Amino acid sequence: MTSDAVIVGARCAGASLAVHLARAGLTVAVLDAAKLPSNQAMSTHLIQPPGMDELDGLGIGARVRARTPGIQAGRFDFDDRTMTLRYGAGRTAHCLRRAELDAMLQAAAVAAGAALQPESRVVGLVRATDGRVTGVDVHRASGRTERLHARLVIGADGRNSTIARLVAAEEYLGYDAPRACYWAYWRRPAGWDAGLLYNGSQRDLSRVLFPTDDDLVLIASSPPVARAHAWRADHRAAYLADLRACAPLAALLGDDEPVGRVLGMVKTRYFFRAAVGPGWALVG
């Protein structure tokens with residue numbers, strides 16, 4: 001059997017695209033290497049109002065709004081200046097943690113008619129004699145390797161995309177990020193308005209706070225990479241010390257501790273890639 005499209009990656013990009021293609025009447029298989037549902041740790045998941053418009057189109061916007069506070073404005077501290085900027089009337093941002101958001105998107109893809117296949121890792125491409133991509137070889141959790149044919153193979157599997165690697169998609173306009181990022185969830189401080197996000201920069205330091213679901217906030221710090229290397233010995237202690245050195249956050253947090261692990265990325269690269277080729281495309 002040949003599908004119209006095989007989408008590799010069932011997160012925000014892949015699941016959303018699957019909804020649109022399936023609604024258009026195409027046969028769609030969506031593969032993900034993970035056992036679903038699962039968390040996607042490397043994301044701070046703030047969805048701005050235009051993103052909420054897209055979720056409305058996908059049919060899950062109301063559910064996201066029901067689970068999260070509507071963020072109506074942002075407080076920005078830049079060195080010694082503070083300003084508050086509001087979204088337009090009736091416009092709000094929302095911050096739903098990825099385990100639940102991704103599961104909603106995957107369910108929407110299935111409801112639209114896509115075939116979701118978790119624990120399915122792409123290990124190779126199928127090509128025609130002219131080099132055109134015509135399918136993928138997939139390793140299943142059972143240990144079997146199967147071949148899926150498709151008119152179009154779409155990589156929606158992130159910055160370390162298997163599909164991009166297999167088709168040798170050219171990278172351009174790339175550069176190494178000047179900052180690292182560490183983040184964790186906290187119980188929302190009693191003194192913090194759930195409709196307000198925070199973005200603060202003092203000299204070479206940067207921190208953000210986003211209210212999220214279940215009365216939590218996500219707080220991230222983005223130190224310069226050179227400084228972040230020194231955090232590796234005990235990144236949790238360094239992250240906490242950094243937040244307590246930020247007067248607005250220190251006043252809110254007091255002696256509280258994060259809920260769960262402190263996560264981080266020290267070495268990140270930003271880039272574009274060639275997005276299309278014979279029988280393949282990349283999204284996300």
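Residues numbered from 1 in each chain as written. Predicted model: local features only at pLDDT ≥ 70, side-chain atom pairs only at ≥ 80, totals over all residues. Heavy atoms only, no water.

**Quick notes on the pattern of salt bridges**
Applying the stated criterion to the full structure yields 21 salt bridges. A salt bridge links Arg65 to Asp56; the nearest nitrogen and oxygen atoms lie 2.7 Å apart. Residue class for Asp56 comes out partly exposed when judged on its relative accessible area of 37%. In this structure, the salt-bridge partner of Asp176 is Arg269, at a minimum N-O distance of 3.1 Å. Of this pair, Asp176 sits in strand β9 (residues 171-176) while Arg269 sits in strand β15 (residues 269-273); the two residues are 93 residues apart in sequence, bridging distant segments of the chain. Taken together, the salt bridges that share partners define one network made up of Arg67, Arg97, Glu100, Asp213 and Asp214. (Salt bridge = Lys/Arg side-chain N within 4 Å of Asp/Glu carboxyl O. Buried < 20%, exposed > 50% of the residue type's maximum accessible area, 1.4 Å probe, protein only. Helix = DSSP H or I, 4+ residues; strand = E, 2+ residues; numbered from the N terminus.)

**Quick notes on the packing of aromatic side chains**
Where two aromatic rings form a pair, the distance of their centres and the angle of their planes describe that pair. Enumeration according to the criterion identifies 6 aromatic pairs in this entry. Pairing Phe76 with Phe78 gives two aromatic rings, centres 6.1 Å apart and planes at 20°, and the pair type is stacked. With relative accessibility at 36%, the residue Phe78 sits in the partly exposed group. Aromatic side chains Tyr172 and Phe272 sit 5.7 Å apart centroid to centroid with 20° between the ring planes, which places their arrangement in the stacked category. One end of the pair, Tyr172, is in strand β9; the other, Phe272, is in strand β15, and 100 residues separate them in sequence. Residue class for Phe272 comes out partly exposed when judged on its relative accessible area of 48%. A cation over a ring is seen here: Arg97 above Tyr185, with NZ or CZ 5.7 Å from the ring centre. (Phe/Tyr/Trp six-rings, centres within 6.5 Å; stacked < 30°, edge-to-face > 60°. Lys NZ or Arg CZ within 6 Å of the ring centre and 35° of its normal.)

**Here we look at the state of the cysteines**
Taken as a whole and assessed by the stated rule, the structure comprises 0 disulfides. Sulfur of Cys95: no disulfide; nearest cysteine sulfur belongs to Cys12 and is 12 Å away. We note that Cys181 lacks a disulfide partner, and the nearest cysteine sulfur, in Cys95, lies 12 Å from it. (Disulfide = S-S within 2.5 Å.)

**So, the side chain of Ser201**
Residue position: Ser201 is located in strand β11 (residues 196-202). The contacts of Ser201, once residues within four sequence positions are left out, are Asp77, Phe78, Asp79 and Ser206. (Contact = heavy atoms within 4.5 Å.)

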